[in-house]
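Given next are the chains, with one letter for each unit.
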Amino acid sequence: MRCCDQHLRRTEPAPGSSCNEPVTPAPRSRRNGWSARPTTQQLVSYFTYIYLVVVGFGIYIPLLPSPWDSLAYGHLGFFFVLHLVAHIAAVLIDPAEPIVRARNYASTLPTFDKSQHAHVILDLHCKICDIDVGPRAKHCKACNKCVTDFDHHCKYMNNCVGRRNYWFFFVAVVTAAIGMFLLLLIVLFIIVEHSLNPAILRTAPQFQDYFHTCMSCGTVLSVQSVPVCPGLNNLTWLVFLPLAPVHTSSAGLLVVSCFTFLLTLVFLVVVIHLLGFHIFLLSKKLTTYEYIMKKRQEEKDRDLELGEKQSRPTSAESSKTQPSVDVSVDCESPLPSQASQSSMEYQDERRELALRISMAMCAELKRLGSMTGAQWHEWYRNTSPSKDMTPGEDLSICDTGLKALGESLSWTGLQQVVVVDGEQSREKSAEAAPIIQQPLASSVLAVEQQLSMDTRSESALSQQ
């Protein structure tokens, strides 16, 4: 009766059921380049190699005159075969660490957790492989294993390039560059001679046998006298000599030749660039991975330096943005709040501080200048270090001090009043503003020194 309790019209997965949940396969390591599904780049490299071998040894080399055809078979065949052997060796060799190679590749490996570890390899220990590695080893993400002296992961071989297979990879690149360069020269020679002198390309015996009876005009040809029918002109060609001669047209031969020339040229440029880069790395004793990390670090340092330069203005810019503070201040000049709007735009915090200090000094000097004789006498007695002077000497010193203070001050637009013995005398207003270069304490000290010198001179005159 339990069947009655089942919900037959259930439209959502049952609790605890994993049938509809995506299943992520456990990570495994690759043994070599053929352990996993081939990549697009790997398939492209295989098809390109097969195509160049077919057209090179089946179409173009048989059209070369003797003895160039024999030389082309020997040299081009040697480099193509050597490239194939080096490429297969680089794909089949496992460049992983010795401990990793000794393990069973069918076993799964733990997944790297970035929340627990910042790097896969830390202190020469791999968290995924759980082994100690060398200083130049790296855990390849695609192959999921630690590679000794890791250089890079080659997508055209679908395998990592490390210490064990680096030289096979290098030989494969060198032979590919030389082989494609020779094939490019052969195809270029075929295209040029096809337009200038096609008879040079028809020296193979198969042409004479095939055209013993001309297919175009029906003329019976003699191999000794007329090897090629004059009416044939340049319209009929034979390819895939000598084993399987196939009749083709002149246009078809030119189209295939131009396509092969462009394809070979593109791959040759890429391979030469790769070869030059690895020669440069060998001269610097670097791997591709080390070179990339070094460039990234240089870019980061350059960006940091550029950011610091942008955040910190140069001396010329700072001189433009921050005008120099003029300490020559008019005591009667208006406060910054009363200045015009244009001047306020160029004042900064330093200028405002200097103005406040100078205005305070000017106010103190005004107060000293407006003091009466009795006030000056009391101020001098309180501030003078000598307290043993007589009232007459004290009064004469005060008078001399007031005169010196009146002579030392010059104001712009100000009628200064100097009080001497209760009598007021008005001095002429000065045209220039006072230049204040010392704080108030030093100014007062200078006045006191001048008063003491005048006192000494008067006392000397009175004694005489």
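Calculation notes
- Residues numbered from 1 in each chain as written.
- Predicted model: local features only at pLDDT ≥ 70, side-chain atom pairs only at ≥ 80, totals over all residues.
- Heavy atoms only, no water.
- Helix = DSSP H or I, 4+ residues; strand = E, 2+ residues; numbered from the N terminus.
- Buried < 20%, exposed > 50% of the residue type's maximum accessible area, 1.4 Å probe, protein only.
- Contact = heavy atoms within 4.5 Å.
- Areas by Shrake-Rupley, 256 points an atom, 1.4 Å probe, with all protein chains shown as cover.
- Phe/Tyr/Trp six-rings, centres within 6.5 Å; stacked < 30°, edge-to-face > 60°.
- Axes fitted to C-alpha atoms, helices over the stretch in contact; angles between N-to-C directions.
- Parallel < 35°, antiparallel > 145°, perpendicular 65-115°, else oblique.
- Left-handed = near helix turned anticlockwise from the far one by under 90°.
- Nonpolar A, V, L, I, M, F, W, Y, C, P; charged D, E, K, R; others polar.
- pLDDT = per-residue confidence, 0-100.
- Lys, Arg positive; Asp, Glu negative; His and termini not counted.
- Salt bridge = Lys/Arg side-chain N within 4 Å of Asp/Glu carboxyl O.
- Expected span 1.5 Å × (residues − 1).
- Polar contact = N/O pair within 3.5 Å; in protein donor to acceptor, adjacent residues only side chain to side chain.

So, on to the overall build of the protein. Scanning the protein for helices and strands turns up 13 helices and ten strands. Across the 464 residues of the protein, 31% fall into the buried class. For the protein, long-range pairs separated by at least 24 residues make up 62% of all intrachain contacts whose partners lie at least 6 apart in sequence. Total accessible area on the protein is roughly 29500 Å²; 60% of this is exposed by carbon and sulfur atoms.

Applying the stated criterion to the full structure yields twelve aromatic pairs. A ring pair is formed by Tyr166 and Trp167, whose centres lie 5.6 Å apart and whose planes are at 80°; its orientation type is edge-to-face. You can call Tyr166 buried: its relative accessible area is 11%. For Trp167, a relative accessible area of 51% translates into the label exposed. Taken together, the ring pairs in this structure connect Tyr49, Phe57, Tyr73 and Phe80 into an aromatic cluster.

A word on the packing of helix α1 (residues 40-60) against helix α2 (residues 68-92). The N-to-C vectors of α1 and α2 enclose an angle of 165°; their axes lie 12 Å apart at closest approach. Taken together, α1 and α2 sit at an angle that is classed as roughly antiparallel. Here the hand of the crossing between α1 and α2 comes out left-handed. Taking contact as the criterion, the partners of Tyr46, Tyr49, Leu52, Val53 and Phe57 in α1 are, on α2, Tyr73, Leu76, Gly77, Phe80, Val81, His83, Leu84, His87 and Val91. Classifying every residue of the contact of α1 with α2 gives eleven nonpolar, three polar and no charged.

Attention now goes to the confidence of the model for the protein. When pLDDT is averaged along the protein, the result is 73; 55% of the residues meet or exceed 70. Here residues 218-228 scores under 50 on pLDDT; set against residues more than four positions off or in separate chains, the count is 15 contacts. Low pLDDT (under 50) marks residues 408-444, which in the prediction has 67 contacts with non-local residues, meaning those over four places away or in another chain.

The subject of this paragraph is the side chain of Glu193. With respect to the secondary-structure elements, Glu193 resides in helix α4 (residues 166-196). Lacking a salt bridge, the buried Glu193 has Arg202 as its closest oppositely charged neighbour, with an N-O distance of 11 Å.

At a closest axis distance of 8 Å, the pairing of α4 and helix α6 (residues 250-284) adopts a crossing angle of 150°. Judged by the angle between their axes, α4 and α6 are roughly antiparallel. In this structure, the crossing between α4 and α6 has a hand that is left-handed.

An ideal rise of 1.5 Å per residue puts 51 Å on 35 residues; α6 measures up with 51 Å between its terminal C-alpha atoms. For α6, the full list of buried residues reads Ser250, Leu253, Ser257, Thr260, Thr264, Leu268, Val271, Leu275, His278 and Leu281. Where the residues of α6 are buried, they touch α1, β5 (152-154), α4, β7 (236-239), β8 (246-249) and α7 (288-311). At the N-terminal end of α6, a side-chain oxygen is found 3.3 Å from the backbone nitrogen of Gly252, two or three residues along, and the residue is Ser249. Positioned one or two residues after α6, Lys285 has a phi angle of 55°, which is positive.

This paragraph deals with the pattern of salt bridges. A pair can form between side chains of opposite charge whenever their charged atoms are brought close. Taken as a whole, this structure holds four salt bridges when the rule is applied. Glu290 serves as the salt-bridge partner of Arg136, at 2.9 Å between the closest nitrogen and oxygen. Taken together, the residues span a long stretch of sequence, with Arg136 in the loop between β2 (131-132) and β3 (138-140) and Glu290 in helix α7 at a distance of 154 residues. Note that Lys295 and Glu298 form a salt bridge whose closest N and O atoms lie 3.8 Å from each other. Of the two residues, Lys295 and Glu298 both sit in helix α7, three residues apart, roughly one turn of that helix. The class of Lys295 is partly exposed, set by a relative accessible area of 37%. Of the residues examined, Glu298 reaches a relative accessible area of 32% and is grouped as partly exposed.

This brings us to the environment of His152. With respect to the helices and strands, the residue His152 is situated in strand β5. The class of His152 is buried, set by a relative accessible area of 17%.

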